[in-house]
Amino acid sequence: MRDIAIIAFAQLPNRRRHTDREEVELVQPVVAEALERVGLNKSQIGFTCSGSSDYLLGRPFSFVSALDSVAPWPPINESHVEMDGAWALYEAWVRLQHGDIETALVYAYGKSSLGSLRDVLSQQLDPYYTAPLWPDAISLAALQARAVLDAGWASERDFAAVAQRNRAQGKRNPNAHQVGDYDVDALVAEPYLVEPLRKHDCPPISDGAACVILATAERARTLVKRPAFIRGIDHRVEPHFLGMRDLTESPSTRLAAERAGAAEGKLDIAEVHAPFAHQELILQRALQLADDVQLNPSGGALCANPMMVAGLTRLGEAANHILRGDAGRVLAHATSGPCLQQNLVAVMEAE
Amino acid sequence: MERCAVVGIGQTKYAAKRKDLSIPGLLREAALRALADADLTFKDIDAVVVGTAPDMFEGIMMPELFLADALGAVGKPIMRVHTAGSVGGSTALVASHLITSGVHQRVLTVAFEKQSESNAMWALSPAIPFQPQLTAGAGGYFAPLIRAYMRRSGAPSHVGTLVSVKDRLNALKNPLAHLHLPEISREMVEQSPMLWDPIRYLDTCPSSDGAAAMVLVSEAHAKSPTPPAWVLGGAMRSEAVLFSGRDQVNPKAGRDAAKDLYAQAGIHDPRKEIDCAELYVPFSWFEPMWLENLGFCDEGEGWKLTERGVTALDGELPINMSGGVLSTNPIGASGMIRFAEAAMQVRGQAGEHQVDGARVAMGHAYGGGSQFFSMWLVGSQKP
């Protein structure tokens, strides 16, 4: 495979609600910022790919309106996935392997605030047997958390410790919005939201947008000092029917990490897309992260969880550490679907 | 760049309502036929790429998540493409890129729509803040473009009718087509109700349930019982939907994509070098419009090809041999059906609607407000 690098990442500050912005207004500023960062203009982009979900906006073709944010005239080489932007990045990475283009722009946006998100997400479920029961996203996550507790390798206190650590780390991230100093003892004294999950174990609802620019190795070196070279990227899916899965494990993450070559060197940082506290513990085990790997310095999805964007943001945040020069080898992970059904892992390195 | 070959093609029987099948069942009918055609099983597949139009059509958010099990994707990569009406074509191209990039060896791609489980007119007509509500469906959007084409080109008003009849006659030779209208005639089309002037009821596509699937492989794996169709090139282009001065009748995105496609395949004179094409014609008048947009003739000349019978099954440049979108329209799959039917022609698999000696064929799809285009060329000879 050709070496492709992330050369720029821009994100809108995540908020509980961006009431004053519709699709184009969410995306246009991050596209402009990412291009400016590497001194490119839109006519120098070889391929554009985006990720979003119509269901969040309650309308068909919301990505058609969002396309205006890249001012597609003259016409552009462009595609869209109805998935988290991390998979749009994957498609762009595949497209760049062909060697006929040198750059790609990826964006994602999500307005999670418009409906009752936990109920909206229940419409991702099998429409014949599961969705009609309206099991909401938090209840399904609670089912998974219960399975973890029953397996005996983690406690509710461990969940709280994950939340406490991420939200403390998130204080240094100006784009996060659910941050602060918490005391684990106080957290576990809180009432349940959906047993065994308490409010702190769950992600905030966030509106946001992000943009990543990719380039071939040769082009990347001319545009930035330290491109974040993607050494491996892979994604895998698990059965949809929850009864067919061991919810305490994430075999798709394990396999994707293996295929991405995660274990082939020492990792400095991992940005893991774990909307719920117990999911970080599951992913940590699946990724076999060593104790000295700095986990989610951004605060992760527990501090800001814009749907369809949070996965791409993990890739961008991880790449930023290489671009800025404070890490040599990083891992990024994105997830989609109920209870970590689908997972993507990328490993990035400095040259 | 690796070569990509189509070694398996499968389609469902198309109908207004496939009440005998669930959504996964519908996809499996197409996928299993494609795998059988390729002499492969789900186990041989490296990755799956799914395409469908807006999630609201079936009322399932990101349906590929629940379809993963039925498509044998567990433990594999699965992706979901959505590029409006062009999605079936774009999905095939995204799948082909997984092969041509060298990332995978054998990819299954499936596109579907089960329109009977929802209401497309409803799904297409929500009230969106700060935008005029489009309650007229797709026909209401495209009728003015057709009128603009008629005015520009001076085409006589019966040209659309000719396409409506021709495509329904072709559909009679395609056992899988949704509409089988043996009594179809110009009078029948002209007497059908006017929906959106100049589009009459029989100038429009039906609402269908159906899925189409293909197995795409790298050269090393191109060993199917039926010789493969080779992908000679593929192109996608998009442009903004609304801005002053935009030519929606002959959109630049379509012209640019065709130019790119011909350059990849080394085509200099598409009219002579392409034997037949499956074009995305949801309203009859789009046949002459796309003939011009794709460079099969000069601007303003498309209707003359249609009128002279050039695009008939036994014409010089047959278009929509399968009966086209006018006879079968599971929206999310319609583009992939075009791509798959083109491949069937160069593999000699099209049965009664086969064009004798077809060696190079085009599959084409468009979507949104005539703003998203995807197309490919396939050939019987390895490029």
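Quick caveat, the model's predicted, so the values are computed rather than measured. (Residues numbered from 1 in each chain as written. Chains lettered and ligands numbered in written order. Predicted model: local features only at pLDDT ≥ 70, side-chain atom pairs only at ≥ 80, totals over all residues.)

**Things to note about the overall build of chain A**
Along chain A, the regular secondary structure elements total 12 helices and 12 strands. Here the C-alpha atoms of chain A give a radius of gyration of 19 Å, agreeing with the 20 Å that 2.2 N^0.38 yields for 351 residues. Across the 351 residues of chain A, 62% fall into the buried class. Within chain A, residue pairs in contact and separated by at least 24 positions form 79% of the contacts whose partners lie at least 6 positions apart. (Helix = DSSP H or I, 4+ residues; strand = E, 2+ residues; numbered from the N terminus. Rg over C-alpha atoms; globule rule 2.2 N^0.38 Å. Buried ≥ 20, exposed ≤ 12 C-beta atoms within 10 Å, placed from the backbone. Contact = placed C-beta atoms within 7 Å.)

**Things to note about helix α7 (residues 156-169) of chain A**
Residues and elements named next belong to chain A. The end-to-end C-alpha distance of α7 is 20 Å, a good match for the 20 Å that 14 residues give at a rise of 1.5 Å each. Where α7 is concerned, the buried positions are Glu 156, Phe 159, Ala 160, Val 162, Ala 163, Gln 164, Asn 166, Arg 167 and Gln 169. Contacts from the buried residues of α7 go to α6 (137-151), α8 (184-188) and α11 (277-287). (Expected span 1.5 Å × (residues − 1).)

**Considerations on the interface of chain B and chain A**
Often, the extent of an interface is quoted as the loss of accessible area upon association of its parts. Taken together, the contact between chain B and chain A spans 48 residues of the former and 44 residues of the latter. Elements with a minimum of two residues in the side of chain B that touches chain A: α2 (64-67), β3 (78-81), α3 (87-100), β8 (229-238) and α8 (252-265) of chain B. A total of five residues in the side of chain B that touches chain A trace back to one element, the largest contributor, which is α3 of chain B. Of the residues contributing to the side of chain B that touches chain A, the split by class is 28 nonpolar, 12 polar and eight charged. (Nonpolar A, V, L, I, M, F, W, Y, C, P; charged D, E, K, R; others polar.)

**Things to note about the environment of Ala 177 of chain B**
All names here are of chain B. Of note, Ala 177 is situated in the loop between α6 (159-171) and α7 (186-190). Residue classification places Ala 177 among the buried positions, given that 28 C-beta atoms sit within 10 Å. Among all residues touching Ala 177, those that are not within four sequence positions of it are Tyr 14, Ala 171, Ser 322, Gly 323, Ser 327 and Thr 328.

**A look at the nonpolar core**
Counting 254 residues, the largest nonpolar core has Val 106, Val 212 and Leu 214 of chain A together with Val 378 of chain B as the members making the most contacts within it. With five residues, the next largest nonpolar core counts Tyr 14, Ala 15, Ala 171 and Ala 177 of chain B among its residues. (Core = buried A, V, L, I, M, F, W, Y, C linked by C-beta atoms within 7 Å.)

**Here we look at the packing of helix α4 (residues 85-96) of chain A against helix α12 (residues 310-324) of chain A**
Residue and element names in this part refer to chain A. In the contact formed by α4 and α12, the axes pass within 6 Å of each other and the chain directions differ by 60°. Of the possible angle classes, the one that applies to α4 and α12 is oblique. Contacts from Gly 85, Ala 86 and Leu 89 of α4 reach α12 at Gly 311, Leu 312 and Leu 315. Taken together, the residues of the contact of α4 with α12 break down into four nonpolar, two polar and no charged. (Axes fitted to C-alpha atoms, helices over the stretch in contact; angles between N-to-C directions. Parallel < 35°, antiparallel > 145°, perpendicular 65-115°, else oblique.)

**Quick word on the environment of Ser 96 of chain B**
All names here are of chain B. With respect to the helices and strands, the residue Ser 96 is situated in helix α3. Ser 96 sits in the buried class, given 24 other C-beta atoms within 10 Å. Ser 96 has contacts with Cys 4, Leu 216, Val 231 and Gly 234, leaving out every residue within four places of it along the chain.

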